[in-house]
Amino acid sequence: MSNEDNSHKSQSRYYEGNDEQILCAWFHEVLGANPDACNLHQDLKSGILLCELVNKLSPGVVKKVNRSTMPFAQRENIHAFCEAAKSLGVKDINNFTADDLFEAKNMKQVVICLHALGQQAHLIPDYTGPCLGPHPESTQPGSNVPGSARKAVPHGGDSEDSADKEKKI
C-alpha cells in the first residue's frame, strides 16, 4: 500500500453513536476538545467551543471570542457562531437562535445545525480536516463530485462492516 493510500485512510473517520456522541467525536477530531454528549448544553452554552470550531473551519470567521462568564458575552458568542455558520453555507432552516442553546429551549435544533455545519465543511475552501456525512453535492441526483469521500464522517448506525466501509472510500 502506498503512502498516499495510508494518508487517505488515516483521514477517514466513521463515528458511531447517537447524534450528540457523533458531534462530540467530531469536536474532538477538529479541536481536541471533549464535550460530554450527555451534557452538551452546558459544554456549549458559553459559545466559546462553537466559535473555536468555526474559526478552525474558516480562520477568522468569528473576529472576537468572548471569554467572559457573563451571560451577555456568552450570547454574543452564540450569535457570532450562528452568523458564521450561515456565512459558511448552513441554511437558515438548519440554524438555531441564541435562546435555543443558552436557555436550552431547543437543543435538537442546535444538534441539527452542528451536523449541517459538519457536512457543509466539505465545501469550505482550504479546510482539510474531518467532515460529517457525505459531500452535500454528492447527494444530488446525477452528481459525480470528485473527492466526495474526502474525510467524510458518515453517521453511525449502518450495518456495513469496516472492510466494506473502507472499500467505499
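Whatever comes next refers back to the structure up there.
Residues numbered from 1 in each chain as written. Predicted model: local features only at pLDDT ≥ 70, side-chain atom pairs only at ≥ 80, totals over all residues. Heavy atoms only, no water.

**So, the packing of aromatic side chains**
One pair of aromatic rings is described through two measures. These are the centre distance and the angle between the planes. This model, assessed by the stated rule, comprises 2 aromatic pairs. Ring geometry for Trp26 versus Phe27: centroids 6.4 Å apart, planes at 75°, classification edge-to-face. On the accessibility criterion, Trp26 (0% relative accessible area) is buried. For Phe27, a relative accessible area of 0% translates into the label buried. Lying over the aromatic face of Phe102, Lys45 brings its terminal NZ or CZ to 4.7 Å of the ring centre. (Phe/Tyr/Trp six-rings, centres within 6.5 Å; stacked < 30°, edge-to-face > 60°. Buried < 20%, exposed > 50% of the residue type's maximum accessible area, 1.4 Å probe, protein only. Lys NZ or Arg CZ within 6 Å of the ring centre and 35° of its normal.)

**Things to note about helix H2 (residues 19–31)**
Along its 13 residues, H2 runs 18 Å from first to last C-alpha, staying within 8% of the 18 Å computed at 1.5 Å per residue. Of all the positions in H2, only Ile22, Leu23, Cys24, Trp26, Phe27 and Val30 are classed as buried. For H2, the secondary structure elements touched by its buried residues are helix H3 (40–44), helix H4 (48–57) and helix H7 (107–120). Here H2 starts with a cap whose side-chain oxygen sits 3.0 Å from the backbone nitrogen of Glu20, and that cap is Asn18. Positioned one or two residues after H2, Gly32 has a phi angle of 80°, which is positive. (Helix = DSSP H or I, 4+ residues; strand = E, 2+ residues; numbered from the N terminus. Expected span 1.5 Å × (residues − 1). Contact = heavy atoms within 4.5 Å. Polar contact = N/O pair within 3.5 Å; in protein donor to acceptor, adjacent residues only side chain to side chain.)

**Re the pattern of salt bridges**
Tallying each qualifying case throughout the model produces 5 salt bridges. Residues Asp99 and Arg75 are paired through a salt bridge, measuring 2.5 Å at the closest nitrogen-oxygen approach. One end of the pair, Asp99, is in helix H6 (residues 98–102); the other, Arg75, is in helix H5 (residues 71–87), with 24 residues separating them in the sequence. The partly exposed category is assigned to Asp99, whose relative accessible area is 29%. Across the pair Arg75 and Glu103 runs a salt bridge whose closest N-O atoms are separated by 2.7 Å. Of this pair, Arg75 sits in helix H5 while Glu103 is found in the loop between H6 and H7, placing the two residues 28 residues apart along the sequence. Classification of Arg75 by relative accessible area gives partly exposed; the value is 25%. (Salt bridge = Lys/Arg side-chain N within 4 Å of Asp/Glu carboxyl O.)

**Let's talk about the nonpolar core**
Trp26, Leu44, Phe81, Phe96, Leu114 and Leu117 are the most contacted members of the largest nonpolar core, which has 40 residues in total. Counting residues per element, the ones that place at least two in this core are H2, H3, H4, H5, H6 and H7. The leading source of residues in this core is H4, at 7 residues. Apart from the residues lying within four places of it in its own chain, the contact partners of Leu114 are Leu23, Trp26, Phe27, Leu44, Leu50, Leu53, Phe81 and Leu132. (Core = buried A, V, L, I, M, F, W, Y, C linked by side-chain atoms within 4.5 Å.)

**Re the packing of H4 against H5**
Contact pair H4 / H5: the axes reach a minimum separation of 8 Å and the direction vectors enclose 30°. It follows that H4 is roughly parallel to H5 by the angle criterion. Seen along the crossing, H4 lies across H5 with a hand that is left-handed. Within the contact between the two elements, H4 uses Ile48, Leu50, Cys51 and Val54 and H5 uses Asn77, Ala80, Phe81 and Ala84. Among the residues making up the contact of H4 with H5, the classes are represented as 7 nonpolar, 1 polar and no charged. (Axes fitted to C-alpha atoms, helices over the stretch in contact; angles between N-to-C directions. Parallel < 35°, antiparallel > 145°, perpendicular 65-115°, else oblique. Left-handed = near helix turned anticlockwise from the far one by under 90°. Nonpolar A, V, L, I, M, F, W, Y, C, P; charged D, E, K, R; others polar.)

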